[in-house]
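What the coordinates show
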Amino acid sequence: ATTRTVTTQTGDCSECDALKDISFKIENLVACADKEEGEDAQEPEADAEAAAPAEDGSSDKAAPGEVCMPPAMYAMDLISVNELIDTEIRDLYNNIVTKTDEEERQKLFKKLDDFKSLRETIDDMITKLMSQTDEEKLKKLVTRSLGRVNTELKTKLSDCQAQCGPGGCESCAADVLYDAIAKMNDYKTFFNNTDDEEAKKEFVRTDMIKYINDNNNEAREILIKKATEGTIDECEQEKSDIYKMTKAPMWMLVNTTIFSGVDELEVMVDAMITQLEELLKQYCGSDEVAPGPVDGDDGPNCEWEEYEQTKEYLIKVDEIIQESLFKAKDDSAQMTALLGFVDIQGLYDKRVKKLFEDELVCPDEVKMIKKEYMSQLNKCMAEFMNGKLKFSEMSRLQRISCTKELRNAMESRMGKLLQFELEKSLNEIET
């Protein structure tokens, strides 16, 4: 099951309009402040309508960062945001007075508190901006202080639209997609709230694995129903399709938290949001949705199989480095390292044999093993078999350097394979 219960209605989502306008203005301001130095801003008298979201929800509007005020006018931009917030607060008070259902009143009170809190944040920001004149400092103030606000507003907007179904969108796949987009925005909020890089990766990894497992459980229930009853309804079919489409990219996100840095992780999250939003347009717009992926044997996934195999080699190399080279106390570690190299050579030989038995359908992997890994491994083995070598007299750097080159080659290859799989998975969402 997904982590959020979505109630789809047939309304036009007008209740989200104010939040949509506010979110766009903040996103536009942050994008403008984040521009590289030397990029021109629009003059203050530039057509303000160009930067506002189109009323019909169409894409015929300027993208965030395309229409910008000079930094000296940032405070004025935020004052206009507060005017929108004030209007929404007034309307919420009026709605609360007329509502009699206690549950609806509590929801309105919650929205009211959120808008009041947002207004206080914007007020503080306006004060800071008006006390500053240096353009670069004005830009830094906006990007640092409003970046988190921007992400939180996007999440609230996604939640709001998920509750009403934009433009009367009643797609069950859209429910899943809104949930996934909100989760990506949650990650961005967490990124903005901590500087601990390991905490960022751990948070995404733990949460995404749970989310994937929840989706897998629901997908399994749908398959069981199809197998036992012979048919499933359109809603269940849409969910089944979307779970299949998003599963691989989500696992790619998990792998990014393990094998890549935070910069790549943040890029990956942004890419996920973009692709999920594109897919959402297909289900909630006029675009025809491509049929879901069909289970079948289309041959091996060479890149992913190579990635998994290389991971095994890397574990063995790390064992040699840690146990025999890094902590070496005497010359016996030299023999232990050599025996480890022999084990790795055995892994290479076994894999190459398997690839040839499979009629060499993955030639790039064979090329990497024979020309890159085996070549470097043989170099390291020859070095350590040198009878004149005194292991105990070598520095730690000298002991490790050759094996480290082998490790770097495999780690670099894994990064390229992971990137390839990510791009392929995201492209499958589009096609």
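This text follows the structure it describes.
Summary of the structure given here. (Residues numbered from 1 in each chain as written. Predicted model: local features only at pLDDT ≥ 70, side-chain atom pairs only at ≥ 80, totals over all residues. Heavy atoms only, no water.)

1. Some details on the side chain of Gln376
- Looking at the secondary structure, you find Gln376 in helix α11 (residues 363–384).
- Only 3.1 Å separates the side chain of Gln376 from the backbone oxygen of Cys402, close enough to count as a polar contact.
- Look past the residues within four positions of Gln376 in its chain and what remains in contact with it is Cys402, Glu405 and Leu406. (Helix = DSSP H or I, 4+ residues; strand = E, 2+ residues; numbered from the N terminus. Polar contact = N/O pair within 3.5 Å; in protein donor to acceptor, adjacent residues only side chain to side chain. Contact = heavy atoms within 4.5 Å.)

2. Side note on α11
- Under the 1.5 Å per step criterion, the end-to-end length of α11 is 31 Å for 22 residues, consistent within 8% with the ideal 32 Å.
- A bend of about 35° at Met374 is the largest found in α11.
- Those residues of α11 that fall on the buried side of the exposure criterion are Glu365, Val366, Met368, Ile369, Tyr373, Met374, Gln376, Leu377, Cys380, Met381 and Phe384. (Expected span 1.5 Å × (residues − 1). Bend = angle between axes of the 7 residues up to and from the residue. Buried < 20%, exposed > 50% of the residue type's maximum accessible area, 1.4 Å probe, protein only.)

3. A few points about the state of the cysteines
- Within the structure shown, the criterion is met by 4 disulfides.
- Between Cys32 and Cys68 runs a disulfide, and the two sulfur atoms are separated by 1.9 Å. Of note, the bridge from Cys32 to Cys68 carries an S-S torsion of about -85° and is left-handed in sense. Separated by 36 residues along the polypeptide, Cys32 in helix α1 (residues 17–33) and Cys68 in the loop between α1 and α2 (74–98) bring together distant segments of the chain. Pair check on accessibility: Cys32 and Cys68 agree, each one buried. (Disulfide = S-S within 2.5 Å.)

4. Focus on the environment of Leu406
- Along the chain, Leu406 falls in helix α12 (residues 396–430).
- Judged by its relative accessible area of 0%, Leu406 falls in the buried class.
- Between the C-alpha atom of Leu406 and that of Tyr373, which follows or precedes it by 33 residues, the distance is 6.5 Å.
- When residues no more than four places from it in sequence are discounted, the contact partners of Leu406 are Val317, Tyr348, Tyr373, Gln376 and Leu377.

5. Some points on the packing of aromatic side chains
- Following the criterion strictly, the structure yields 8 aromatic pairs and no others.
- For the ring pair Phe341 and Phe384, a centre distance of 5.4 Å and an interplane angle of 65° mean the geometry is edge-to-face. Of this pair, Phe341 sits in helix α10 (residues 332–357) while Phe384 is found in helix α11, placing the two residues 43 residues apart along the sequence.
- When its relative accessible area of 0% is taken as the criterion, Phe341 is described as buried.
- Look at Phe384 and you get buried, because its relative accessible area is 1%.
- Clustering of aromatic rings is evident, with ring pairs tying together Tyr187, Phe190 and Phe203. (Phe/Tyr/Trp six-rings, centres within 6.5 Å; stacked < 30°, edge-to-face > 60°.)

6. Considerations on the nonpolar core
- Met184, Met208, Ile242, Leu253 and Tyr348 are the most contacted members of the largest nonpolar core, which has 65 residues in total.
- Taken together, the elements giving at least two residues each to this core come down to α5 (172–193), α6 (197–229), α7 (234–259), α8 (262–284), α9 (302–326), α10, α11 and α12.
- If you tally residues by element for this core, the top one is α5, at 10 residues.
- Look past the residues within four positions of Tyr348 in its chain and what remains in contact with it is Tyr313, Ile369, Tyr373, Met374, Leu377, Leu406 and Met410.
- Residues Ile26, Leu29, Ala33 and Ile122 belong to the second largest nonpolar core, which totals 32 residues. (Core = buried A, V, L, I, M, F, W, Y, C linked by side-chain atoms within 4.5 Å.)

Purely geometric stuff here, so don't read any function into it on its own.
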